[in-house]
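Observations on the three-dimensional arrangement
One-letter residues, chain by chain:
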Amino acid sequence: MGRAYQNRKESMAKTAGQKTRLYSRYGKEIYVVAKQGGVEPDGNLSLRRLIERAKKDQVPAHVIERAIDKAKGGGGEDYDTARYEGFGPGNCMVIVDCLTDNVKRTFTEVRQAFVKNDAKLGTPGTVGHMFDQSAVFVFPGEDEDAILEILMMADVDVNEVEVEDGMISVIAPHTEFFKVKTALTDAMPDINFEVENITFVPQNMTPVLGEDVATFDKFIAALEDCDDVQNVYHNADIQE
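Presented here is an overview of the structure given in this document.

So, how was this worked out
Each chain carries its own residue numbering, running from 1 in the written order of its sequence. Reporting of local features is limited, given that this is a predicted model, to residues whose pLDDT is at least 70; pairs of side-chain atoms are given and counted only at 80 or more, and all residues count toward the totals for whole chains, interfaces and linings. Only hydrogens and water are set aside when side-chain values are computed; all heavy atoms of the structure are taken into account. Note on definitions: angles span 0 to 180 degrees between N-to-C directions of axes, and those axes are lines fitted to C-alpha atoms, for helices only across the stretch in contact. Helical segments are the DSSP runs of H or I of at least four residues, strand segments are the runs of E of at least two, and each set is numbered from the N terminus. Throughout this description, any angle smaller than 35 degrees is read as roughly parallel, any larger than 145 degrees as roughly antiparallel, any in the 65 to 115 degree range as roughly perpendicular, and the remainder as oblique. Definitions for this section: a left-handed crossing has its near helix turned counterclockwise from the far helix by less than a right angle. A right-handed crossing has that turn clockwise. Contacts were defined at the residue level, with two residues in contact if any of their heavy atoms lie within 4.5 Å. As a working rule, the residues Ala, Val, Leu, Ile, Met, Phe, Trp, Tyr, Cys and Pro are called nonpolar, Asp, Glu, Lys and Arg charged, and the rest polar, with Gly in that last group. Between any two strands, at least two bridges found by DSSP are needed for them to pair.

1. Let's talk about the packing of helix α2 (residues 45-56) against helix α6 (residues 177-187)
Helix packing for two helices is described by the angle between their axes and how far apart those axes are. Packing of α2 against α6 brings their axes to within 11 Å, and their N-to-C directions diverge by 55°. Classed by the angle they form, the pair α2 and α6 counts as oblique. In the packing of α2 onto α6, the handedness of the crossing is left-handed. Packed against α2, whose contacting residues are Leu45, Arg48, Arg49 and Glu52, the element α6 presents Phe177, Phe178 and Lys181 at the interface. When the residues that make up the contact of α2 with α6 are grouped by side-chain class, the tally is 3 nonpolar, no polar and 4 charged.

2. Thoughts on unusual backbone geometry
Non-glycine residue glutamine 58 carries a positive phi angle of around 65°. The residue glutamine 58 is located in the loop between α2 and α3 (61-73) in this model. At aspartate 155, a position not held by glycine, the phi torsion is positive, near 60°. Its place among the elements puts aspartate 155 in the loop between α5 (144-153) and β5 (160-164).

3. Regarding the sheet that holds strand β9 (residues 229-234)
With respect to topology, 4 strands assemble into an open sheet ordered β3-β1-β2-β9, the strand pairing being antiparallel. Looking at the sheet topology across the chains shown, the edges are occupied by β3 (120-121) and β9. Bridging between strand β1 (residues 80-87) and strand β2 (residues 93-100) involves 8 bridges; their strand directions are antiparallel. When the sheet's bridge partners are listed, tyrosine 84 is paired in β2 with valine 96.

What follows is the structure in structure tokens.
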């Protein structure tokens, strides 16, 4: 699989503007998840996971608290989910997940990102069947057999455990997220997760090389510039 879990979500915290967009996206997602499933993290596992991820990405506490307070109020904006699928530069497969209060605006912005960067927007389901929604954990280590034994002893369903460059990757069905995390944390209290997320993992990778690499980077940047875009998933294997 290689680093298939790395969906090249460009590091968005390099500038003040990028930080603002990152905080806005987390705030919007936390608001929606809290409004739909309840504002208490202990009773809303999706919210708990999202808050943990936000903290790992250094989102300030006040951003998280404001989003939850807004959800408590019961009013506020109504956001719809929108998913767009297609093919990016080099014929890689791409899924774009959005939260929006104006679907027409979002479609226009996403479509422009595709059109201007040698990419083709498809219909729903065009490439989604080639990705698996998975729980992904990545942490330092070398002994994949020991990790597999820990998970098997905890009766966790696992798709894959592998070691690459001193990092262990665990891929499991998305429904096993908290079972995996609990099993690993109980066995190794000092574990430090580089990645702990539910994401779309491609079933195979597509090499992207030559001039397509620069176009791909522009394509991802254009999508990241869309305020309504929450996540971008792809199967590009960048060969620079």
